[in-house]
Amino acid sequence: MSEERLFPKTVDEVILEKVRFFFLPDRTAAFVKNLVEGKVSERSLICCNSGCDVCNETIYNCYMAVKKELENT
């Protein structure tokens, strides 16, 4: 059964939910918010195979999930 809400989720709630879904550190939520707001180009999110602590490809997938959910609300 889905949870009924009086108000829709905020952008910050959606972002944090998706960041946690993708097992990213909560600190990446601010970066994803900058992507959503257009302050950072999504073109910068390419996996360079250097073994980053937080892979840009995972952040990109998270960002796309956030974007999709925000478009559906």
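Since the model is a prediction, treat every value here as computed from it, not as a measurement.

## Quick word on the overall build of the chain
Helix and strand content of the chain: 3 helices and 0 strands. Overall size of the chain, expressed as C-alpha extent along the three principal axes, is 45 × 25 × 20 Å. Taking all 73 residues of the chain together, 22% fall into the buried category. Across the chain, the fraction of contacts at a sequence separation of at least 24, relative to all contacts at a separation of at least 6, is 54%. On the chain, roughly 5,500 Å² of surface is accessible, and the fraction owed to carbon and sulfur atoms is 55%. If the 10 positive side-chain charges of the chain are averaged to one point and the 12 negative ones to another, these points end up 3 Å apart.

## Structural notes on the pattern of salt bridges
Scanning the entire structure with this criterion turns up 10 salt bridges. Between E69 and K18 there is a salt bridge, and its shortest N-O distance comes to 3.1 Å. With a gap of 51 residues between them, E69 in helix α3 (residues 56-71) and K18 in helix α1 (residues 11-21) connect regions that are remote in the sequence. Considered together, E69 and K18 belong to a single accessibility category, that of buried residues. Salt bridges sharing common partners tie together K9, E17, K18 and E69.

Reading the values: the criteria
- Residues numbered from 1 in each chain as written.
- Predicted model: local features only at pLDDT ≥ 70, side-chain atom pairs only at ≥ 80, totals over all residues.
- Heavy atoms only, no water.
- Helix = DSSP H or I, 4+ residues; strand = E, 2+ residues; numbered from the N terminus.
- Buried < 20%, exposed > 50% of the residue type's maximum accessible area, 1.4 Å probe, protein only.
- Contact = heavy atoms within 4.5 Å.
- Areas by Shrake-Rupley, 256 points an atom, 1.4 Å probe, with all protein chains shown as cover.
- Lys, Arg positive; Asp, Glu negative; His and termini not counted.
- Charge placed at Lys NZ, Arg CZ, Asp CG, Glu CD.
- Salt bridge = Lys/Arg side-chain N within 4 Å of Asp/Glu carboxyl O.

Purely spatial values, then, with no claim about function.
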